[in-house]
Amino acid sequence: MYDRILFPTDGSEGANAVFEHVIEIAQSHGATVHILNVADTTQDSVTRIGGEVVDVLEREGQQLVDETAARADERGVPTVTEVLQGGVPETIRAYADEYDMDLIAMPTRGRSGLTRMFLGSVTERVIGQASVPVLALNPDGEAVHYPYRHVLVPTDGSECAAAALDRAVAIAKAAGATLHVLSVVDVPSTGIDASTEFQIDALREAASEVVEDATATAEQASVDSVVERIEVAGSVSRAIGSYVEETDVDLVVMGTRGRTGLGEYLLGSTTERTVRTTAVPVLTVPEPRADAST
């Protein structure tokens with residue numbers, strides 16, 4: 001499933017904390033980890049040392065990726081290291097595309113202030129721009145080991161959610177994990193009248209069909225254990241978080257886009273809120289490209 005994993009790092013405690021999990025994934029798949037540090041060109045980092053003009057961020061970045069690679073080498077995981085200049089999220093995305101990465105794994109937070117790299121918005125921007133799945137790891141979250149045992153896939157039946165389902169099914173099948181299929185009917189916070197109740201009933205019925213179809217897909221792929229759930233809630237991300245807290249889910253797999261309207265589901269902000277607030281890893285799967293082969 002994974003041959004090449006991209007791990008962007010800024011050397012923060014957050015990045016260091018989640019790298020152990022990245023090593024576990026790489027060991028399980030025999031993957032090479034590409035360790036990338038981006039010298040942010042929006043910062044003035046050129047200085048003169050002993051008569052030599054040097055880029056401080058590049059020098060620090062090289063030391064950082066070398067030290068990180070040494071940790072992987074101790075565990076027998078092959079690495080490639082790189083320090084590049086550029087805008088951080090754009091450079092991560094371009095590197096992933098150029099070297100055909102199978103996965104980008106990165107923490108949900110990192111440094112703050114002038115040296116910040118993964119402070120929330122950067123991770124979210126990578127998720128929104130990347131053409132490959134992004135595994136967002138919460139440094140403050142629960143200790144989760146690989147392979148995963150309980151995989152949650154929230155779905156609304158959209159094309160992007162279907163891509164996430166396919167990935168979740170593959171993960172569950174390979175690991176012998178339980179697949180949890182969740183569909184959330186988003187209730188308006190403005191209150192419910194007779195018209196809204198009628199719409200919610202229709203959406204609940206549609207959600208039931210989506211869950212049944214997802215379960216059929218999983219069973220056809222020989223996933224042994226599937227759990228179904230339909231929730232009516234005022235916030236999709238909170239419903240996902242509550243389900244994770246109530247169960248043994250150790251991975252959430254979700255699309256980066258979804259449906260809009262009363263049945264709005266994974267449209268950008270919901271995915272971002274889930275990544276930001278969920279204690280377990282969240283694997284985001286991009287919308288299939290129009291030119292992608294079927």
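For the structure itself, consult the block above.
Now for a description of the structure that goes with this document. (Residues numbered from 1 in each chain as written. Predicted model: local features only at pLDDT ≥ 70, side-chain atom pairs only at ≥ 80, totals over all residues. Heavy atoms only, no water.)

## Focus: empty space enclosed by the protein
A full pass over the atoms with the stated rule returns one cavity of 30 Å³ or more. Quantified by volume, the largest cavity comes out at close to 60 Å³. What lines the largest cavity is Tyr 2, Ile 25, Leu 103, Leu 135, Tyr 146, Tyr 148, Ile 171, Leu 251 and Leu 283. Partitioned by chemical class, the residues of the lining of the largest cavity number nine nonpolar, no polar and no charged. (1 Å grid on protein atoms, 1.4 Å probe; cavity = no way out; pocket = protein on both sides within 12 Å on 5 of 7 lines; lining within 4 Å. Points joined across faces, edges and corners; volume = space filled by probe spheres on them. Nonpolar A, V, L, I, M, F, W, Y, C, P; charged D, E, K, R; others polar.)

## Notes on helix H3 (residues 88–98)
An α-helical turn contains 3.6 residues, so a residue and the one three or four places further along point in the same direction. Of all the positions in H3, only Val 88, Pro 89, Thr 91, Ile 92, Tyr 95 and Ala 96 are classed as buried. Seen end-on, H3 carries its buried residues on one side only, within an arc spanning 165 degrees. Within two residues after H3, Asp 100 carries a phi angle of roughly 55 degrees, on the positive side. (Buried < 20%, exposed > 50% of the residue type's maximum accessible area, 1.4 Å probe, protein only. Helix = DSSP H or I, 4+ residues; strand = E, 2+ residues; numbered from the N terminus. Arc of directions from axis to C-beta.)

## Looking at the sheet that holds strand E7 (residues 134–137)
Sheets are built from strands that pair by backbone hydrogen bonding, the pairs being arranged parallel or antiparallel. Taken in spatial order, the ten strands line up as E5-E2-E1-E6-E7-E12-E11-E8-E9-E10 in an open sheet, and their pairing is mixed. Edge positions in the sheet fall to strand E5 (79–86) and strand E10 (226–233), since each has one partner strand and no second. For this sheet, the mean inter-axis angle between neighbouring strands, taken without regard to orientation, is 25 degrees. Summarising the sheet, strand E9 (residues 178–186) and E10 pair through eight bridges and their orientation is parallel. (Pairing = 2+ DSSP bridges. Axes fitted to C-alpha atoms, helices over the stretch in contact; angles between N-to-C directions.)

## Let's talk about the packing of aromatic side chains
In this structure the tally under the stated criterion is three aromatic pairs. Taking 4.8 Å as the distance between ring centres and 40 degrees as the angle between the ring planes, the aromatic pair formed by Phe 7 and Phe 19 counts as tilted. You can see Phe 7 sitting in strand E1 (residues 4–8) and its partner Phe 19 sitting in helix H1 (residues 13–29), a full twelve residues away along the chain. The same class applies to Phe 7 as to Phe 19, namely buried. Ring centres of Tyr 95 and Tyr 99 lie 4.5 Å apart, and the angle between their planes is 35 degrees; this geometry places the pair in the tilted category. When its relative accessible area of 3% is taken as the criterion, Tyr 95 is described as buried. (Phe/Tyr/Trp six-rings, centres within 6.5 Å; stacked < 30°, edge-to-face > 60°.)

## Overview of unusual backbone geometry
In this structure, Pro 147 follows Tyr 146 across a cis peptide bond, with omega equal to 5 degrees. Along the polypeptide, Pro 147 turns up in the loop between E7 and strand E8 (150–154).

## Brief notes about the packing of helix H7 (residues 236–246) against helix H8 (residues 269–277)
For the pair H7 and H8, the least separation of the axes is 8 Å and the interaxial angle reads 35 degrees. Classified by chirality, the crossing of H8 by H7 is right-handed. Across the interface between the two elements, Val 236, Ser 237 and Ile 240 from H7 touch Thr 270, Arg 273 and Thr 274 from H8. Taken together, the residues of the contact of H7 with H8 sort by class into two nonpolar, three polar and one charged. (Left-handed = near helix turned anticlockwise from the far one by under 90°. Contact = heavy atoms within 4.5 Å.)

## Quick notes on a negative patch on the surface
A contiguous patch of negative charge on the surface is contributed by Glu 197, Asp 201, Glu 205, Glu 209, Glu 212, Asp 213, Glu 219 and Glu 228. With seven residues, the single largest contributor to the negative patch is helix H6 (residues 194–220). (Patch = residues over 30% accessible without salt bridge, like charges linked within 9 Å, V, L, I, M, F, W, Y side chains within 5 Å. Areas by Shrake-Rupley, 256 points an atom, 1.4 Å probe, with all protein chains shown as cover. Salt bridge = Lys/Arg side-chain N within 4 Å of Asp/Glu carboxyl O. Lys, Arg positive; Asp, Glu negative; His and termini not counted. Charge placed at Lys NZ, Arg CZ, Asp CG, Glu CD.)

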